[in-house]
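A closer look at the structure
Read off the chains here:
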Amino acid sequence: MSIWEYANPKKFMQTSAWALPWVTGLAVLTLITGLVWGFFFTPDDFRMGSTVKIIYIHVPAAIMATGTWFMMLAASLIWLIRRHHVSVLAAKAAAPVGTTMTLIGLFTGAIWGQPMWGTWWAWDPRLTAFLILFLFYLGYMALWEAIEDPDTAADLTSVLCLVGSVFAIISRYAVLFWNQGLHQGSSLSMDAEEHVSDVYAWPLWVAIVGFGLLFVSLVLIRTRTEIRSRRLRALEARERMA
């Protein structure tokens, strides 16, 4: 048995149909658990007050925003090297999900930053790279829509994904590259001085798992839709030629 078997659309559709209800159910369960635990059963922070609880949305969304782009990068590389259509369709399917996660990260970051920094936005290295990543998401989706030939669109969007990965890396690890900037270090860090208290960390981990499972569920649904859409277009083209 090889992982490349799942590059076959029929095999992917069969496996995803079995996995999707389980992944979706676990996503709902862990999301509800993490968010309810975090928002209603953790204390206010002595410095941030109740605003600290936005961490249960902001941090998972930010992690998924960059993680989605890295998933798209891996899928795009598989397309460029092995020409498996399911991989590039999965990358295409993931883009709107990643865009939404990035937008949530930007929005919740502004809400969190205003009382802490006294401003809704700052040209902090990490924030700026995150905004550029959001623009790359928009550009990626626009490029898919602008090119009629699907294989050409797949090639060009894959190259764009490679370029955009630079900003995904910067937005994820900018605090390690630059000492300046308003953005704090990682909330879940090996450094005891940066790591949040366990009373916040445990529900945060549950929320992160929930967001990850939600991402997998949405990508499976959207990839299945993309495969069906491509099959439909192929049938329509065959009928026109008949």
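Residues numbered from 1 in each chain as written. Predicted model: local features only at pLDDT ≥ 70, side-chain atom pairs only at ≥ 80, totals over all residues. Heavy atoms only, no water.

Turning next to the packing of helix α1 (residues 9-40) against helix α6 (residues 198-241). It is at 7 Å that the axes of α1 and α6 come closest, and there the two elements cross at 150°. By the criterion of interaxial angle, the relationship of α1 to α6 is roughly antiparallel. Taken as a pair, α1 and α6 cross one another with a handedness that is left-handed. Class assignment for the residues of the contact of α1 with α6 results in 22 nonpolar, nine polar and four charged. (Axes fitted to C-alpha atoms, helices over the stretch in contact; angles between N-to-C directions. Helix = DSSP H or I, 4+ residues; strand = E, 2+ residues; numbered from the N terminus. Parallel < 35°, antiparallel > 145°, perpendicular 65-115°, else oblique. Left-handed = near helix turned anticlockwise from the far one by under 90°. Nonpolar A, V, L, I, M, F, W, Y, C, P; charged D, E, K, R; others polar.)

Here the structure, examined in full by the defined rule, presents two salt bridges. Across the salt bridge formed by Arg83 and Asp155, the nearest N and O atoms sit 2.9 Å from each other. Pair noted here: Arg83 is in the loop between α2 (55-82) and α3 (85-117) and Asp155 is in helix α5 (residues 150-177), with a separation of 72 residues, a long-range link. Overall, Arg83 belongs to the partly exposed group, its relative accessible area being 38%. For Asp155, a relative accessible area of 26% translates into the label partly exposed. In this structure, Glu226 and Lys92 form a salt bridge, with 3.4 Å as the shortest nitrogen-oxygen distance. (Salt bridge = Lys/Arg side-chain N within 4 Å of Asp/Glu carboxyl O. Buried < 20%, exposed > 50% of the residue type's maximum accessible area, 1.4 Å probe, protein only.)

Core analysis: the largest hydrophobic core is formed by 31 residues, its most contacted members being Trp69, Met72 and Tyr140. Every element with two or more residues in this core is listed here: α2, α3, α4 (125-146), α5 and α6. The dominant element in this core, judged by the number of residues it contributes, is α2, at eight residues. What Tyr140 contacts, discounting residues up to four positions off in sequence, is Trp69, Met72, Ala91, Lys92, Ala95, Thr157, Leu160 and Cys161. (Core = buried A, V, L, I, M, F, W, Y, C linked by side-chain atoms within 4.5 Å. Contact = heavy atoms within 4.5 Å.)

A cluster of nonpolar side chains, namely Val28, Ile32, Val36, Trp37, Phe39, Phe40, Phe41, Trp202 and Trp205, defines an oily patch on the protein surface of about 980 Å² accessible area. Those elements that place two or more of their residues in the nonpolar patch are α1 and α6. The biggest single contributor to the nonpolar patch is α1, with six residues. Within the element layout of this structure, Phe39 appears in helix α1. Residue class for Phe39 comes out partly exposed when judged on its relative accessible area of 30%. (Patch = residues over 30% accessible without salt bridge, like charges linked within 9 Å, V, L, I, M, F, W, Y side chains within 5 Å. Areas by Shrake-Rupley, 256 points an atom, 1.4 Å probe, with all protein chains shown as cover.)

Averaged over all residues, the pLDDT of the chain is 85; the fraction at 70 or higher stands at 86%. The secondary structure element of the chain with the lowest average pLDDT is α5, at 82, and the one with the highest is α1, at 94. Per-residue pLDDT stays below 50 along residues 189-193; that stretch engages in two contacts with residues further than four places along the chain or on separate chains. (pLDDT = per-residue confidence, 0-100.)

With that settled, the discussion passes to the UniProt feature "transmembrane region" (unreviewed entry) in the chain. Residues annotated in UniProt with the feature "transmembrane region" (unreviewed entry) correspond here to residues 20-42, 54-81, 93-115, 127-147, 159-179 and 199-221. In this annotation, residues 93-115 is assigned 100% helix and 0% strand; the end-to-end C-alpha distance for the span is 36 Å. The annotated region residues 127-147 carries 95% helix and 0% strand content, and the separation between its end C-alpha atoms amounts to 31 Å. (UniProt positions renumbered as here; feature names shortened; annotations may be inferred.)

Let us now look at the environment of Gly210. Secondary-structure assignment places Gly210 in helix α6. Sequence separation between Gly210 and Thr33 is 177 residues; the distance between their C-alpha atoms is 8.6 Å. Beyond its immediate sequence surroundings of up to four residues, Gly210 is in contact with Ala27, Thr30 and Leu31.

Turning our eyes to something else, we now look at the side chain of Thr68. If you trace the backbone, Thr68 turns up in helix α2. Residue contacts for Thr68: discarding those within four places in its chain leaves Ala94, Gly98, Tyr137 and Phe215.

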